[in-house]
Amino acid sequence: MTGPILSIRNLTVEIPTRHGILRPVDGISYDIGRGEILGIVGESGAGKSMAGNAVIDLLSPPAHIAGGEIWVNGTRIDQLKGDAMRRLRGKEIGMVFQDPLTSLNPLLRIGDQLTETILAHLPLSRAQAKDRAIKALDEVGIPGATERINSYPHEFSGGMRQRVVIALALCAEPSLIIADEPTTALDVSVQAQIIALLKALCRNRGTAVMLITHDMGVIAEAADRVAVMYAGKLAELGAVRDVLGAPRHPYTDGLMGSTPLASRGKARLHQIPGAMPALDNLPQGCAFHPRCPYAQSICKTQMPTLADGDGAACFFPLPHTAEVA
Amino acid sequence: MLAFVIQRVAQSVLVLLVVGLVAFSMFRFVGDPIDNMLGQERTQADIDRLRTTLGLDQPFVVQYVKFLGGAVQGNFGVSYRQGRPVSDILMERAPATLELAAVSGFLAISIGIGLGVFTAIRRDGWAANTIMSLSLIGVSLPTFLIGILLIYLFSVELGWLPSFGRGDTVRIGGWTTGFLTESGLKALILPSITLGLYQMTLIMRLVRSEMLEVLRQDYIRFARARGLRDRAVNFRHALKNTLVPVITVTGLQLGSIIAFAIITETVFQWPGVGLLFINAIQFVDIPVMAAYLMLISVMFVGINLIVDLLYFSIDPRLRADRTKAH
Ligand SMILES: Nc1ncnc2c1ncn2[C@@H]1O[C@H](COP(=O)(O)OP(=O)(O)OP(=O)(O)O)[C@@H](O)[C@H]1O
Ligand SMILES: [Mg+2]
């Protein structure tokens, strides 16, 4: 099978409120292939988590999928309900949350949390499930997995807990992992280890990964492709090398400018002026135009679209060689 | 863990000593029992003889220690009114109260937790909303009123259930039980509902709010994201995490079920220790009152101790912290 693992088409998430309908995710489309890591970046509130939660059907009401399609392994899943969707969670789509301190049930041994997950999806005996749980812990680099399986979450450090979380997300061998800022809550010293672990595990198994992050460094380190989100829409999509090396959307350019990247050396950090507009107060036209140094009159009236596939949703993509001349 | 248990037991003993002091003080400060016990034609010699027999002529501290010594052995002296050992009277009455309290407590806990979970999971359903509104009645109506309403409806109007007494009882050893006869079981229904309703609604509302809180937690979302069945998420993951606060309150409520039994027993003329206590107050039967006070406090303290131990069995974090601390 050569098709993508995850395919999102025109996905729209809506939240009905008293002031009208908000669209935290507004018509985004992308694919993630086997063994591919797609980084999702964007400012806080851009809709990154909403898009991830929509895929695994864990949006908290009143947020709901209002349009578009989600395909996993060639099956359309956005209309699945109840038990049909539950079977996919953990089995086809795994999820890693941000904070390992709160992701694990404090009252259950990690071995029990692993085996119950395995048994929910695979036709194994308890003993087999336990063996598999030990193997899963071993694979994420927990020393002494055979004994540690009887430990409670509070007996692990933050980094170790995130390894346990990853083991839990992967223990039924899903083909897609959604990792929502998996390292943000961790100590800087263990962040790189966790990213490296996630990357290695997914490469080995051919798992597709949706890696949500604020950190351009993480994208540069781990991702193959990157999607830049702004106010619910995709601003830019492309291979990491292309997007980071030569950003085409002014927002990506600004985002990179405000990120201390090793490759950029001591380049001056410049902040994008202003803030992302609130969802109930989006400007006409391109949502980025009030902050864009290159905005023209068309940007204030019309919404630029992202051509199918890679590129930038911008009327005047960089580089602006003509202007410079 | 052991150190913690010892510490709690020591605290419990201290509490009991203080209650014992209060109970004992009643002998000194609530009237003179001699007045009640001897008739009009008494001589000073009679009075002195009785004083010596009852040990009332000895110093306060000696009397207190004697009282405690007796209490530890279950000896609370002789009822002023019935002239029989208080412990015998209590033993006769205790089964009625304990059976009533056990049924009420069981109803309160099982229905309270069940409805609490239900109303939390089906938060916005009409059934949950109806239950929540009805539960306000349980919290706000006083016990005796509920009892009287139930009697009016089921005994007077419908004639289904008895309005007073325990029905037929069966004696097993020193214990009389109403569980084994039809009339005994029927007689239990109205009083146990009356007694347990308040606790049931309280437990239900508490479980509901704790459960709503827990259901918002990340580990519940993560459990869902792993594809666990709703049943596992709601009961294994969520309910268990609500138990620590629920057990605290439930424990205290079980204690007050026994204490509040006084009112229910009065309304239903239930022949338990509560009714005994009310009658004892009317006759200033201080040994009975003191023994009742001690009995209730032993139960409270015992329940609290059990609650503390339950924490340990539920929450591994407590076990860890304690072992590290010692
Ligand atoms: N119940 C709600 N009512 C109104 N707006 C909401 C609600 N829930 C979320 N939002 C909005 O939806 C938008 C998208 O949120 P989302 O959590 O996806 O952002 P994010 O990109 O993941 O941000 P972060 O980097 O902070 O995690 C935000 O602007 C948020 O304010
Ligand atoms: Mg987020």
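Because the structure is predicted, anything quoted here is derived from the model rather than measured.

Student: Please give an account of the side chain of A:H289 that cites residues and values.
Tutor: Residue and element names in this part refer to chain A. Positionally, H289 belongs in the loop between α11 (250–257) and α12 (297–301). Classification of H289 as buried rests on a relative accessible area of 13%. At 3.0 Å, the side chain of H289 and the backbone oxygen of C286 are in polar contact. With residues up to four places along the chain from it excluded, the contact list for H289 reads P283, Q284, A295, C299 and K300.

Student: I'd like a description of the sheet that holds strand β1 (residues 6–17) of chain A, backed by residues and values.
Tutor: All names here are of chain A. A sheet is described by the order of its strands in space; here four strands give the open sequence β2-β1-β4-β5, paired in antiparallel fashion. Whereas interior strands pair on both sides, the edge strands pair on one side only; in this sheet they are β2 (20–32) and β5 (75–76). Where strand β4 (residues 64–72) meets β5, two bridges bridge the pair, whose relative direction is antiparallel. The partner of W71 across the bridge, within β5, is R76. Lying on the sheet, helix α1 (residues 48–55) is in contact with β1, β2 and β4; it crosses β1 at an angle near 110°.

Student: Describe in detail the pattern of salt bridges, supporting the description with residues and values.
Tutor: Applying the stated criterion across every chain yields a total of 22 salt bridges over all chains. The salt bridge partner of A:R86 is A:D83, with a shortest N-O separation of 2.7 Å. Of the two residues, A:R86 and A:D83 are both situated in helix α2 (residues 82–88); the distance of three residues between them amounts to about one turn of the helix. When its relative accessible area of 37% is taken as the criterion, A:D83 is described as partly exposed. Here B:E92 ties to B:R84 by a salt bridge, and the two come within 3.0 Å at their closest N and O atoms. Given the relative accessible area of 41%, B:E92 is considered partly exposed.

Student: Please provide a residue-by-residue account of the packing of aromatic side chains, values included.
Tutor: All names here are of chain A. As enumerated under the stated definition, the model contains eight aromatic pairs over all chains in all. Residues Y230 and F288 carry aromatic rings whose centres are separated by 5.1 Å and whose planes lie at 80° to one another, so their mutual orientation is edge-to-face. Pair noted here: Y230 is in strand β9 (residues 225–230) and F288 is in the loop between α11 and α12, with a separation of 58 residues, a long-range link. What makes Y230 buried here is its relative accessible area of 5%. Using a relative accessible area of 2% as the deciding quantity, one classes F288 as buried.

Student: Please provide a residue-by-residue account of the site of ligand 1, values included.
Tutor: Residues and elements named next belong to chain A. For ligand 1, the set of nearby residues contains 14 residues, the closest of which are S44, G45, K48, S49 and H214. Between ligand 1 and G45 there is a distance of 2.8 Å, counted from an oxygen atom to a backbone nitrogen or oxygen. Within the backbone of A46, a nitrogen or oxygen atom sits 3.2 Å from an oxygen atom of ligand 1. Protein chains shield 63% of the accessible area of ligand 1, which is 640 Å² for the free molecule. Mapped onto the shell around ligand 1, the elements with two or more residues apiece are β2 and α1. Looking at which element gives the most residues to the shell around ligand 1, the answer is α1, with three residues. Taken together, the residues of the shell around ligand 1 sort by class into six nonpolar, five polar and three charged.

Analysis parameters
Residues numbered from 1 in each chain as written. Chains lettered and ligands numbered in written order. Predicted model: local features only at pLDDT ≥ 70, side-chain atom pairs only at ≥ 80, totals over all residues. Heavy atoms only, no water. Helix = DSSP H or I, 4+ residues; strand = E, 2+ residues; numbered from the N terminus. Buried < 20%, exposed > 50% of the residue type's maximum accessible area, 1.4 Å probe, protein only. Polar contact = N/O pair within 3.5 Å; in protein donor to acceptor, adjacent residues only side chain to side chain. Contact = heavy atoms within 4.5 Å. Pairing = 2+ DSSP bridges. Axes fitted to C-alpha atoms, helices over the stretch in contact; angles between N-to-C directions. Salt bridge = Lys/Arg side-chain N within 4 Å of Asp/Glu carboxyl O. Phe/Tyr/Trp six-rings, centres within 6.5 Å; stacked < 30°, edge-to-face > 60°. Near = heavy atom within 4 Å. Areas by Shrake-Rupley, 256 points an atom, 1.4 Å probe, with all protein chains shown as cover. Nonpolar A, V, L, I, M, F, W, Y, C, P; charged D, E, K, R; others polar.

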